[in-house]
Amino acid sequence: MDRRTTVEPDQDLDVITVLTRQHALIRDLFDAVERSQPADRRETFGRLVRLLAVHEEAEEVVVHPVALARLNGGAEIVASRKKEAGHVRELIRTLDPDSPDFTRDLEVLRATVFAHVTAEERYEYAALDSVTSAAERHVMAEGVRETFRH
């Protein structure tokens, strides 16, 4: 997989570290899209979109099931994160890197993604950290690793 668009989980990292590092890479890719020349914009935006999609898939498969099973209020937390992720997907579908409005639309997407990332880290990841062991979080990181392999 293209290391510029993924963070391959290190064997020694737990799931929260892996996912927050992906959040940092997402921030970097937004900056790269913004700085890209028009000829490169579509490819750079595509890398961002792919990372967002695989990251969300990893959360769906690995994080949300544990949150649902173990967190007090887990159903509400997961429902909120899924709603936010759905809004992100809808915004992505409307973006056209060749549009004269792309920069403005990208900023709307960026704000939406960053709000989602903040909520994940504050409400879901922090709570998971308190109800799971280090060993469980390492197993979850392996699940994320599997998601990125496919």
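Above: the structure in question.
What counts, and at which threshold
- Residues numbered from 1 in each chain as written.
- Predicted model: local features only at pLDDT ≥ 70, side-chain atom pairs only at ≥ 80, totals over all residues.
- Heavy atoms only, no water.
- Helix = DSSP H or I, 4+ residues; strand = E, 2+ residues; numbered from the N terminus.
- Rg over C-alpha atoms; globule rule 2.2 N^0.38 Å.
- Contact = heavy atoms within 4.5 Å.
- Areas by Shrake-Rupley, 256 points an atom, 1.4 Å probe, with all protein chains shown as cover.
- Expected span 1.5 Å × (residues − 1).
- Bend = angle between axes of the 7 residues up to and from the residue.
- Core = buried A, V, L, I, M, F, W, Y, C linked by side-chain atoms within 4.5 Å.
- Buried < 20%, exposed > 50% of the residue type's maximum accessible area, 1.4 Å probe, protein only.
- Salt bridge = Lys/Arg side-chain N within 4 Å of Asp/Glu carboxyl O.
- Arc of directions from axis to C-beta.
- Phe/Tyr/Trp six-rings, centres within 6.5 Å; stacked < 30°, edge-to-face > 60°.
- Lys NZ or Arg CZ within 6 Å of the ring centre and 35° of its normal.

Novice: Is there a simple way to explain the overall build of the protein in this structure?
Specialist: Helices and strands together make up the secondary structure of the protein, namely 5 helices and 0 strands. Starting at the N terminus, the α and β elements of the protein follow one another as α-α-α-α-α. Compactness check: the protein gives a C-alpha radius of gyration of 16 Å against a globular reference of 15 Å for 150 residues, within 12% of the reference. Projected onto the principal axes, the alpha-carbon positions of the protein cover approximately 50 × 30 × 20 Å. In the protein, the proportion of contacts linking residues at least 24 apart, taken out of those at least 6 apart, comes to 75%. Summed over all atoms, the accessible surface of the protein reaches about 7800 Å², with 53% contributed by carbon and sulfur.

Novice: Looking at this structure, I do not really get helix α2 (residues 38-70). What am I missing?
Specialist: Residues lying three or four places apart along an α-helix face the same way, a consequence of the helix completing one turn every 3.6 residues. With 33 residues, α2 should reach 48 Å at 1.5 Å per residue; the first-to-last C-alpha distance of 46 Å fits that figure. Its maximal kink placed at E60, α2 deviates by approximately 40°.

Novice: Can you help me understand the nonpolar core in this one?
Specialist: One recurring pattern in soluble globular proteins is that nonpolar side chains are buried together. Judged by nonpolar contacts, the single largest core of 38 residues is most densely connected at V15 and L109. At the level of elements, α1 (15-35), α2, α3 (74-94), α4 (102-131) and α5 (134-149) are the ones that each hand at least two residues to this core. The biggest single contributor to this core is α2, with 10 residues.

Novice: Sorry if this is basic, but what is going on with the environment of A32 here?
Specialist: Position of A32 among the secondary structure elements: in helix α1. Judged by its relative accessible area of 18%, A32 is buried.

Novice: Looking at this structure, how should I read the environment of R145?
Specialist: Note on placement: R145 falls in helix α5. Here the alpha-carbon distance between R145 and I77, two residues 68 residues apart in the chain, equals 23 Å.

Novice: Would you take a moment to explain the pattern of salt bridges for this structure?
Specialist: Scanning the entire structure with this criterion turns up 17 salt bridges. Across the pair R110 and E34 runs a salt bridge, and its minimum N-O distance is 3.5 Å. Highlighted residues: R110 in helix α4 and E34 in helix α1, separated in sequence by 76 residues. Two residues, E43 and R47, come together in a salt bridge whose shortest N-O distance is 3.7 Å. In this pair, E43 and R47 both sit in helix α2, 4 residues apart, roughly one turn of the helix.

Novice: What should I look at first to understand α5 in this one?
Specialist: Helix length check: α5 (16 residues) gives 23 Å between terminal C-alpha atoms against 22 Å at 1.5 Å per residue, within 8%. Taken as a whole, α5 has its buried residues at R137, M140, A141, V144, R145, T147 and F148. Looking straight down α5, one finds its buried side chains confined to an arc of 155°; they lie on one side. When the buried face of α5 is taken as reference, the exposed residues oriented beyond 90 degrees from it are A135 and V139.

Novice: Before we go on, may I ask you to explain the packing of aromatic side chains in this structure?
Specialist: What describes a pair of aromatic rings is the distance from one ring centre to the other and the angle between the planes of the rings. Evaluated as defined, the whole model comprises 2 aromatic pairs. For the pair F30 and F114, a centre-to-centre distance of 5.6 Å together with 80° between the ring planes defines the contact as edge-to-face. Taken together, the residues span a long stretch of sequence, with F30 in helix α1 and F114 in helix α4 at a distance of 84 residues. Residue F114 is classed as partly exposed on the basis of its relative accessible area, which comes to 23%. Relative to F102, the ring of F45 has its centre 5.3 Å away and its plane inclined at 90°; by these criteria the two rings are edge-to-face. Here F45, found in helix α2, pairs with F102, found in helix α4; they are 57 residues apart in sequence, far enough to count as distant. On the accessibility criterion, F102 (2% relative accessible area) is buried. If you follow R27 out to its NZ or CZ, it ends over the ring of F114, 5.5 Å from the centre.

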